[in-house]
2 protein chains.
Amino acid sequence: MWNSPKVGILGGGQLGRMMVEAANRLNIQCNVLDAENSPAKQISSHDDHVTGSFKEREAVRELAKSCDVVTAEIEHVDTYALEEIASQVKIEPSWQAIRTIQNKFDQKEHLRQYGIPMADHRELTENTPEELAKVGEQLGYPMMLKSKTMAYDGRGNFHVRTKEDIPEALEALKGRPLYAEKWAYFKMELAVMVVKTKDTVLSYPTVETVQEDSVCKLVYAPARNVSDAINQKAQELARKAVAAFDGKGAFGVEMFLLEDDSLLLCEIASRIHNSGHYTIEGCAMSQFEAHLRAILDLPIPPKSLELRQPSIMLNIIGGAAPDTHLTAAEHALSIPNASIHLYSKGAAKPGRKMGHITVTAATMHEAETHIQPLIEVVDQIRAQRSDVKTKPQSSSGPSKPAPSVAVIMGSDSDLKTLVPGLKLLRDYFGIEPAVDITSAHRTPTFMAEYSAGAAARGIKVIIAAAGGAAHLPGMAAAHTALPVIGVPVKGSSLDGVDSLYSIVQMPRGVPVATVGINNSINAALLAARILGAFDPAIQKKVEAYAESARAENMELKGTKLQELGWEKYFEEM
Amino acid sequence: MWNSPKVGILGGGQLGRMMVEAANRLNIQCNVLDAENSPAKQISSHDDHVTGSFKEREAVRELAKSCDVVTAEIEHVDTYALEEIASQVKIEPSWQAIRTIQNKFDQKEHLRQYGIPMADHRELTENTPEELAKVGEQLGYPMMLKSKTMAYDGRGNFHVRTKEDIPEALEALKGRPLYAEKWAYFKMELAVMVVKTKDTVLSYPTVETVQEDSVCKLVYAPARNVSDAINQKAQELARKAVAAFDGKGAFGVEMFLLEDDSLLLCEIASRIHNSGHYTIEGCAMSQFEAHLRAILDLPIPPKSLELRQPSIMLNIIGGAAPDTHLTAAEHALSIPNASIHLYSKGAAKPGRKMGHITVTAATMHEAETHIQPLIEVVDQIRAQRSDVKTKPQSSSGPSKPAPSVAVIMGSDSDLKTLVPGLKLLRDYFGIEPAVDITSAHRTPTFMAEYSAGAAARGIKVIIAAAGGAAHLPGMAAAHTALPVIGVPVKGSSLDGVDSLYSIVQMPRGVPVATVGINNSINAALLAARILGAFDPAIQKKVEAYAESARAENMELKGTKLQELGWEKYFEEM
């Protein structure tokens, strides 16, 4: 459709295949340059594909003849071939962008001009032990020695732990153009897919990536335990970095999140990227379709790039035997909400990407719980490989579900009042709340920070108990946009009426949902009702609770009263 | 994978194409029997397809040779050819099921034995005006005259309004085997996709279908304004009906929902179905993949058939010119969250299904709002067709969003107390609540029904105001599992303390979230905080409200006080 533009793709691997899948739905013809029967060609039956390699100049010329736009599923293409055909056909992103990005040192030098924060690095010109030792003094150890070109999935990188590693490092990367990079002590690796169109730069959400053997293993969308502020900041950085390059299309941006919550750009890929596979199920528009739309100047509604549901992507990597990885795919058939993508690459080599699985769910915890057995299968497959020796990454099991309810009290003397409610939440509703002591009067700053940060931690409701001049519920409400339930605690004087008035009579603008004096059961039930308004499983339990109260009153007590009569009943009370 | 079973598909139209798309992801080879370059073949490049028609016995025999399982994207296949090859190859669903189902009269006679409710119907054997007139006396007018075979998308049906229509009806369906069906006065058409596996019968959610020109126009998943009980009942009926047939795979079941909320089965299709296209984006597993898994005995986790988000599917139908329908696809490019599926059928004939669009969103109202402009485009395209004359169906615009907040009061005298909160909800938060008078004392039954039915109507929070012996909030809470916010209204005596105590001191088990006396602003803000805990847009507004209060106090009033001094400030107050 759309006047039937034809898209030429350099490379017909899994990325090209998933791009063709998206193109098929829009009836856009893709002409693929790669070996015969490559994964992308298998799902696109026509006579305009080109047999050859994306590194052969003649093949690139031939592809250009039949296309309106040429793009690439890989950045290690012959950019001189692209430069040559640029007068006949549109190339997206530009060959200049691809050429700069495919040389990682040039990429960083270019980004430095745009003020993008990156780990400190030094170019090597002589590649001698003396030169590298001097760089080591400047950057400190450990550091990374890196090839400027043809580096991907950990190939072309060497971890220089001490000065003693220098000879081995130079030997391992012999004959390559090199640079060294200061070690980044990061707490998490983040990634953002960016889509550059003819007139804007859009981004998908910030995701968390887990690498194993220097290859992407898992992607969590959104990144876990990362605040909205960091999510936004990472997207802004990624968009700013991609804006520094010419041309249109999807770009993968990888970043380090440091201990102090600052970000360093790690690297950019000038293409659709493994860290964006989750978008097929996770978003209304996949990175593959967004890339096609961007290079063809078709509209992209920004809303379509938002996350529909938390998603986890797990790569299926070739194991010891050519078909070992299929064990993972077979297991995935029984995983709830798992979408399986096999790339039809035939027999696997150990470590090769053969497919991926994406699990979506209403919460990240649910997605983690579903996918955990599959991560274990993948770890077992890896354990049988002779080419890797280290322990698997991140097989610690699903994270504890982020608590949805926070229970705070002004003093530990309020705890006994809260216990019935805490037990009800945990034992009846299966809701494990976060429980803390934080006084409005004795720890006012902690109380303020706790309340202000609660929503970002995933808390949906706060229960606050206090006695006397009970300020805690109201002050917590003043520091959060979440609903706060107040439990007035009866003190030694005034029968708790002082607490009740202090909590319920908040000024206009800052509400506290007040329950009866000492009634932590009702506070817990109210929290469950609030969660239940959006979670049918919890709402069913609220209904069941009411039903059991009804049954207890009607059938148990009522029947007993009829049987015994009021006088005997009273005697037995 | 899975020992590489090969699936033969009779028919390579859009249904076959989407089945192949699902098979591609699992690396399952599909061999398609249809014309060269049919839609399904275009996305499956190999040499094992068969050129011919699914009605040619020789072609079916040839297909069987290369496959492990044969299935069909259409029920109008030659079941005698299937019966013949059944000894060599598995056929799913069974040829017996397809044969019974493709004859609509036999289908109904078969289902009748299993106690499936259907509209009353009579077989015609002579097809004479006298015979049909006699049937008309039995069934009443209007009635439907139907062809037993080769009836789909309204073809083979004739609406007999009165006895006078009989000659025209018999002429229109001349030469066909006929039956007549009693007219069903339905309020809604529902559909359920059922998946029959080797050991169980699963179902997708109940959806609402809107027909136009006897062709499916829109599918709403889930069905709008249908209770969970009806949704479950429709799924049960659909599963029971499909269980009456032999074989495995996906079945489309269409039903009528009558005014009294009872259900009549309309018809079954022994295949993937237009009413299930929403499953591609709406569920973790599409009907196409579920069909493949069922016929190949691969596991199907039931959770994967649940709805991820409300979804609306709109068909793209051929218009006056061969490319008119592309206007709709082009418009769809700008619709947020719209997934476009074009079937690559080439030039369109008026009324032919050329593609479909699915819009997903967090709420049905949001999905309706997104898709509305596209429905208008589709209606315009239809208006240009010379072959249809009637007005378009259901272009009334998106439904009003279901209110998420209900505000009730015991007496209209409480309204003035509620007005500030109502205005805040509507004008600041854009939340239009349902507002009702329902007294615990004067209309106890209505109050109980109102509260008990609130959750099913989509209400998430109830605000209840009452004065004096204020029972309304507590009684409402006793009849619902939703959070109830109580506003004590100050009466003529006791300063509102009577109302406050009546509302806040609820017994254990039935909580009311109580706010300050007369403080409907806080009640509204609390409702917004509860919704905001699950809706980031509302939570941002709660934060903005707090920020504007802070700014007003700090910048406006604080600055003024510094400028004027306290004495002058007080004079001006």
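Provided above is the structure to which this section pertains.
Residues numbered from 1 in each chain as written. Chains lettered and ligands numbered in written order. Predicted model: local features only at pLDDT ≥ 70, side-chain atom pairs only at ≥ 80, totals over all residues. Heavy atoms only, no water.

Engineer: Give me the pairing of strand 18 (residues 353-360) of chain A: which residues, what numbers.
Structural biologist: All names here are of chain A. The element strand 18 is extensively covered by neighbouring structure, given that eight of its eight residues are classed as buried. Sheet topology places strand 16 (residues 311-317) next to strand 18; seven bridges connect them, and they run antiparallel. Paired with I316 across the strands is G355, a residue of strand 18. Bridge count between strand 17 (residues 338-342) and strand 18: five bridges; the pairing is antiparallel. What sits directly across from A338, in strand 18, is V359. (Buried < 20%, exposed > 50% of the residue type's maximum accessible area, 1.4 Å probe, protein only. Helix = DSSP H or I, 4+ residues; strand = E, 2+ residues; numbered from the N terminus. Pairing = 2+ DSSP bridges.)

Engineer: Any chance you could break down helix 13 (residues 364-383) of chain A for me, citing the residues and the numbers?
Structural biologist: Between the first and last C-alpha of helix 13 of chain A there are 27 Å, a value that for 20 residues agrees with the 28 Å anticipated at 1.5 Å per step. If you look at helix 13 of chain A, its biggest bend is around 40°, right at I371(A), and the proline P373(A) turns up within four residues after that. (Expected span 1.5 Å × (residues − 1). Bend = angle between axes of the 7 residues up to and from the residue.)

Engineer: Summarise the pattern of salt bridges; cite the residues concerned and give the values.
Structural biologist: Residue and element names in this part refer to chain A. Tallied over the entire structure, the rule returns 70 salt bridges over all chains. When the shortest N-O distance is used, the salt bridge between D165 and R161 registers 3.3 Å. When the shortest N-O distance is used, the salt bridge between E552 and K557 registers 3.5 Å. Among the residues examined, K557 registers a relative accessible area of 38% and is labelled partly exposed. Connected via shared salt-bridge partners are E212, D213, K217, D379 and R382. (Salt bridge = Lys/Arg side-chain N within 4 Å of Asp/Glu carboxyl O.)

Engineer: Talk me through a nonpolar patch on the surface; I want residue IDs and the actual numbers.
Structural biologist: A surface patch of nonpolar side chains, amounting to about 190 Å² of accessible area, comprises L415(B), V419(B) and V435(B). Take V419(B): it is sitting in helix 14 (residues 415-428). (Patch = residues over 30% accessible without salt bridge, like charges linked within 9 Å, V, L, I, M, F, W, Y side chains within 5 Å. Areas by Shrake-Rupley, 256 points an atom, 1.4 Å probe, with all protein chains shown as cover.)

Engineer: So what's going on with the relation of the copies chain A and chain B? Which residues, and what values?
Structural biologist: Rotating chain A by 180° and translating it 0.3 Å along the rotation axis places it on chain B, where the RMSD comes to 0.5 Å. Here the copies are linked by what is in effect a two-fold axis. (Least-squares fit on C-alpha atoms with pLDDT ≥ 70 in both.)

Engineer: I'd love a proper account of the sheet that holds strand 2 (residues 29-34) of chain B, names of residues and values included.
Structural biologist: Residue and element names in this part refer to chain B. Read across the sheet, five strands follow the order 3-2-1-4-5 without closing on themselves; strand pairing throughout is parallel. If you trace the sheet from one side to the other, it starts and ends with strand 3 (50-51) and strand 5 (90-91), each paired once. Sheet analysis places strand 1 (residues 6-10) next to strand 4 (residues 69-72), joined by four bridges and oriented parallel. Bridging from a neighbouring strand, I9 pairs with T71 of strand 4.

Engineer: Please provide a residue-by-residue account of the packing of helix 5 (residues 95-102) of chain A against helix 6 (residues 104-112) of chain A, values included.
Structural biologist: Residues and elements named next belong to chain A. At a closest axis distance of 5 Å, the pairing of helix 5 and helix 6 adopts a crossing angle of 110°. What the angle tells us is that helix 5 and helix 6 run roughly perpendicular. Between helix 5 and helix 6, the residues in contact are T100, I101 and Q102 and K104, D106, Q107 and H110, respectively. Class assignment of the residues belonging to the contact of helix 5 with helix 6 gives a composition of one nonpolar, four polar and two charged. (Axes fitted to C-alpha atoms, helices over the stretch in contact; angles between N-to-C directions. Parallel < 35°, antiparallel > 145°, perpendicular 65-115°, else oblique. Contact = heavy atoms within 4.5 Å. Nonpolar A, V, L, I, M, F, W, Y, C, P; charged D, E, K, R; others polar.)

Engineer: So what about the interface of chain A and chain B? Which residues, and what values?
Structural biologist: The partner chain B presents 84 residues to the 84 residues of chain A that form the contact. For the pair chain A and chain B, the summed buried area comes to about 7200 Å², and 54% of that belongs to carbon and sulfur atoms. When the buried surface of chain A facing chain B is broken down by residue, R25(A), R308(A) and R529(A) rank first, second and third, together holding 12% of it. Where chain A meets chain B, there are six salt bridges. For E21(A), the salt bridge goes to R25(B), with nearest N and O atoms at 2.8 Å. Joining chain A to chain B, the criterion identifies 48 residue pairs in polar contact (both at pLDDT 80 or more). For the side of chain A that touches chain B, the element with the most residues is helix 18 (residues 520-532) of chain A, which contributes seven residues. (Buried area = accessible area lost by both parts, 1.4 Å probe. Polar contact = N/O pair within 3.5 Å; in protein donor to acceptor, adjacent residues only side chain to side chain.)

Engineer: Please provide a residue-by-residue account of the sheet that holds strand 7 (residues 143-147) of chain A, values included.
Structural biologist: Residue and element names in this part refer to chain A. Strand order in the open sheet made by the four strands is 6-9-7-8, with antiparallel pairing throughout. What marks the edges here is a single partner per strand, and that holds for strand 6 (121-123) and strand 8 (157-160). With strand direction ignored, the average angle separating the axes of adjacent strands in the sheet is 20°. Both strand 6 and strand 9 (residues 178-182) contribute to a ladder of three bridges, which runs antiparallel. Along strand 9, the bridge assignment pairs H121 with E181. Seen against the sheet, helix 6 touches strand 6, strand 7 and strand 9 and runs at an angle of roughly 120° to strand 6.

Engineer: So what about the packing of helix 14 of chain B against helix 18 (residues 520-532) of chain B? Which residues, and what values?
Structural biologist: Think of two packed helices as two axes; the pair is described by the angle between the axes and how far apart they sit. Residues and elements named next belong to chain B. One can describe the packing of helix 14 onto helix 18 by two numbers: an axis separation of 7 Å at closest approach and a directional angle of 35°. You can see that helix 14 and helix 18 cross each other, and the crossing is right-handed. Contacts between helix 14 and helix 18 pair T417, L418, P420, G421, L424 and L425 from the former with S520, I521, A524 and L525 from the latter. (Left-handed = near helix turned anticlockwise from the far one by under 90°.)

Engineer: Which residues make up the side chain of T206(B), and what are the values?
Structural biologist: Residues and elements named next belong to chain B. Residue placement: T206 occurs in the loop between strand 11 (201-203) and strand 12 (207-212). Overall, the relative accessible area of 0% leaves T206 in the buried class. In this structure the side chain of T206 is engaged in a polar contact, spanning 2.8 Å, whose partner is the backbone oxygen of N231. In this view, T206 contacts L190, A191, V192, P222, A223, N231, A234 and Q235; residues no more than four positions away in its chain are not counted.

That's the geometry; what it means functionally is another story.
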